[in-house]
Each structure stands twice: as C-alpha cells, then as structure tokens.
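In case you want the letters, here they are:
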Amino acid sequence: MSEPLRIGVLGAARISAASLIGPARATGHRVVAVAARDRSRAEAYAAEHGVERVAGSYAELIADPEVEVVYNPLANGLHGPWNLAALAAGKHVLSEKPSASNAEEAAEVREAAAKAGTVFMEAFHYLFHPVTRRLHEVLASGEIGELRHVEAMVAIQAPPDTDPRWSLPLAGGAVMDLGCYSLHALRMLAPWAGGAPRLVSARGGQRAGAPGVDEWLDADLAFPGGATGSARCHMAYDGLEMSCRIVGSRGEVRAPNFVLPHRDDRVVVRTGDGERTERLGTRSSYTYQLEAFADRVRGGAPLPLDADDAVTTMTLIDAAYRAAGFEPRPRVS
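Residues numbered from 1 in each chain as written. Predicted model: local features only at pLDDT ≥ 70, side-chain atom pairs only at ≥ 80, totals over all residues. Heavy atoms only, no water.

(A) Local environment of the side chain of histidine 136. Following the sequence through the fold, histidine 136 ends up in helix H6 (residues 130–141). Those residues in contact with histidine 136 that lie beyond four places of it in its chain are Leu127, Met188, Leu189 and Trp192. (Helix = DSSP H or I, 4+ residues; strand = E, 2+ residues; numbered from the N terminus. Contact = heavy atoms within 4.5 Å.)

(B) Layout of the sheet that holds strand S10 (residues 228–234). The eight strands are arranged S8-S9-S10-S7-S11-S12-S13-S14 in an open sheet whose pairing can be described as mixed. This sheet does not close on itself; its edge strands, each paired only once, are strand S8 (198–206) and strand S14 (274–279). Averaged over neighbouring strand pairs, the angle between their axes works out to 10° when direction is ignored. Across seven bridges, the pairing between strand S9 (residues 214–222) and S10 is antiparallel. Counted as the bridge partner of leucine 217 is cysteine 233 from S10. Its contacts with the sheet place H6 against strand S7 (147–155), strand S11 (241–248), strand S12 (251–255), strand S13 (266–271) and S14, and it is angled at close to 175° to S12. Relative to S10, helix H7 (residues 174–187) is tilted by about 160°, and along the sheet it contacts S7, S9 and S10. (Pairing = 2+ DSSP bridges. Axes fitted to C-alpha atoms, helices over the stretch in contact; angles between N-to-C directions.)

(C) Region of interest: H6. With twelve residues, H6 should reach 16 Å at 1.5 Å per residue; the first-to-last C-alpha distance of 16 Å fits that figure. The complete set of buried residues in H6 reads Pro130, Val131, Thr132, Leu135, His136, Val138 and Leu139. In the core, the buried residues of H6 are packed alongside S7, S11, S12, S13 and helix H8 (285–299). (Expected span 1.5 Å × (residues − 1). Buried < 20%, exposed > 50% of the residue type's maximum accessible area, 1.4 Å probe, protein only.)

(D) The arrangement of the pairing of strand S4 (residues 69–72) in detail. By the alternation rule, side chains of S4 split into Val69 and Tyr71 and Val70 and Asn72, which are all buried. Examined bridge by bridge, strand S1 (residues 6–10) and S4 share three bridges and lie parallel to one another. Residue pairing in the sheet places isoleucine 7 in a bridge with valine 69 of S4. Pairing of S4 with strand S5 (residues 92–95), which is carried by four bridges, proceeds in the parallel orientation. Paired with asparagine 72 across the two strands is serine 95, which belongs to S5. Handedness of the β-α-β unit built from S4, helix H4 (residues 79–88) and S5 comes out right-handed. (Right-handed = clockwise from strand over helix to strand, strands pointing away.)

(E) Geometry of the packing of H7 against helix H9 (residues 307–323). At a minimum axis distance of 10 Å, the contact between H7 and H9 shows a crossing angle of 115°. When you trace H7 past H9, the crossing you get is right-handed. Contacts between H7 and H9 involve Ala174, Val175, Met176, Cys180, Leu183, His184 and Arg187 on the former and, on the latter, Asp309, Thr312, Thr313, Met314, Leu316, Ile317 and Tyr321. Looking at the contact of H7 with H9 residue by residue, the class counts come to nine nonpolar, three polar and two charged. (Left-handed = near helix turned anticlockwise from the far one by under 90°. Nonpolar A, V, L, I, M, F, W, Y, C, P; charged D, E, K, R; others polar.)

(F) Region of interest: the packing of aromatic side chains. Applying the stated criterion to the full structure yields six aromatic pairs. Ring centres of phenylalanine 124 and tyrosine 181 lie 5.5 Å apart, and the angle between their planes is 85°; this geometry places the pair in the edge-to-face category. Of the two residues, phenylalanine 124 is situated in the loop between strand S6 (120–122) and H6 and tyrosine 181 in helix H7; the sequence distance between them amounts to 57 residues. The exposure classification of phenylalanine 124 matches that of tyrosine 181, with both residues buried. Judged by centre distance (6.2 Å) and plane angle (75°), the rings of tyrosine 126 and tyrosine 181 are edge-to-face. (Phe/Tyr/Trp six-rings, centres within 6.5 Å; stacked < 30°, edge-to-face > 60°.)

(G) Molecular detail of the nonpolar core. Counting residues in hydrophobic clusters, the biggest one holds 90 residues, and the most contacted among them are Leu217, Ile246 and Phe258. With nine residues, H7 is the single largest residue contributor to this core. Not counting residues up to four positions away in its chain, the partners in contact with leucine 217 are Val175, Ala202, Arg203, Gly204, Ala231, Arg232, Cys233, Ala320, Tyr321, Ala324 and Phe326. Core analysis: the next-biggest nonpolar cluster, separate from the first, contains 20 residues, Val67, Ala86, Ala113 and Phe120 among them. (Core = buried A, V, L, I, M, F, W, Y, C linked by side-chain atoms within 4.5 Å.)

Listed below in structure tokens is the structure:
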C-alpha cells in the first residue's frame, strides 16, 4: 500500500465513526487530528475513536502541517465556509454533501479547488459501492432495454426538533440531507439517457415550526432521450426507505437500499425471463469511497466526482427548491 493519508476531522459528528473513522481503520489510513467547538468534546471523541490528537479549533486543524486531507462532516451551512478555508490552506478535501449552501457558494468552492490544485470531492459514497455500479451495469448491458423511467426515494424518520437539519440558517431541509442523493442518482444516469436531466416540476411541504425548511419534496425530471425521473425525499417518514428503481423497455432493476447498501446489498433484476436477486456484499460504501479518494490523492486515479459535479448538483437542488415554492438555502452569515 502507498503511504497512508493523514486526515483531520472537523467536528465530533456521530456520522464520522461510520463515514470516516471505521473506513480509515479498515484501509490503513491515519486520522491524525480532530477539532470540535468544545475542546472537551473533541478530547472525548479522540479517546473513543483512537484519533491521534486534538486541535484547539477548526482553524488550527486546517493549519496543521501534518493534516493533508480535511474531512468536513459539519452542519450543511458550514460545509461551504470550511471547505473554502481548507482549500485555501492547500488541503485535499472530502466534504459531506452538499458541498455548500447553494449553487453560488458551490461555484466559489469549485474556484478555490481549482486554485489550490488539490483533490476536492463531495462524499456521495453510494456511487462507489458495487450495488450502484451493478445498477449501471445492468442498464448499460441492455438487459432491461432502453431507459424509460427512474425513481429514487430517500426517507428517514424525523430527527429531533433541535437537530441542525431542521435549521434554515444552517442550510437544513430534506433535500439538503436526503434529496441530494435522489437527485444525484438520477443525474448519474445521463450516459444512458441522452444527457443530463432537467427539472420539470417540484412540490414540497414545510416543517411545522421551521419556516422555509422542507420536510419533504418530490421532484419530476426529464431526460433528453425521453425517459422520465422522480426524485423524492422525506425527513419525517414512518420508516426508512432508500430505494432506486430503474425501468427499461424490457424490464427493470431495483436496489432496495442504494444509499446504505451495507444494510441491504440486494439488486433485483426483473425481465420477461423472470426475476433474480443478486447480492453485492455488505462492505461499507464509505470504505470503497475512501479507497477511491486515496487512489486519487496518491496516484492520480480518476474519480467520478469533483467540484464541477458538486456545482451541477447544487444548481439542481436550488432549482427544485424554487419550483416547490422554497428559497435556496442561505449562506451562513
């Protein structure tokens, strides 16, 4: 293996244990530092997860010469500002999605990444797992015919009212947290759909007690080749659903959980010849993602995601918000 990445983590977010700490341990990379708003919280986090040391602040972590990769899992509204700061410091950046609060800020992140000349990637980890790769392979093979329709639904039970995902100033909302996966999954079908999809319409519902924050949103899209798409999300659902169904002229292929395939690694193919279920493995999509990111940083291997892709996704998110009667998320003031 090439030299391990030296990673610094912004914040003591719960997600990091699954999204970065575990994968780094599994692949031999180092988590050299963590910073949090509260130093004692960072110290407890470092002790629990075996992080080498604690930085006194986010800025101190970014300035640390030993940190070469910054992982940013902060609240959505803090993605843009700290991605910009990390890139200005010449670091590689793996940012939780979305990369910024809105398309204008995402474009600034893209410019900063170009200026830095470092690797910037939005953490759409699902794309690296064999489940999603298999969905694309089945479509590309022609087994289900030409693409006709795709539907992606990403829904969870409601976080507590105090969760930052319900905060408009912190760029919260169902699309920011969940719908970005649905929209991105549809965008990734462009090679088999005659090009990128365009938004046709959207409708959504506001969270009670959280003006301007979407509890759910459904977006309808159309592809140049004639196929249609439905990208749905719901952040106060009666269960968990993270499904993707691709319908072709001769059959369909479906993943019951394309976002968290380590929980359900099935891909179900149905054609006139019958139905079969393939299992693609429960190794974490986050582990595949970190391997791909490290291959890019260390060896220049190509990545399917970059700062351009992040701007395109954010532009579509903003358009969906406007079409459903919401404003795009504000930047952190």
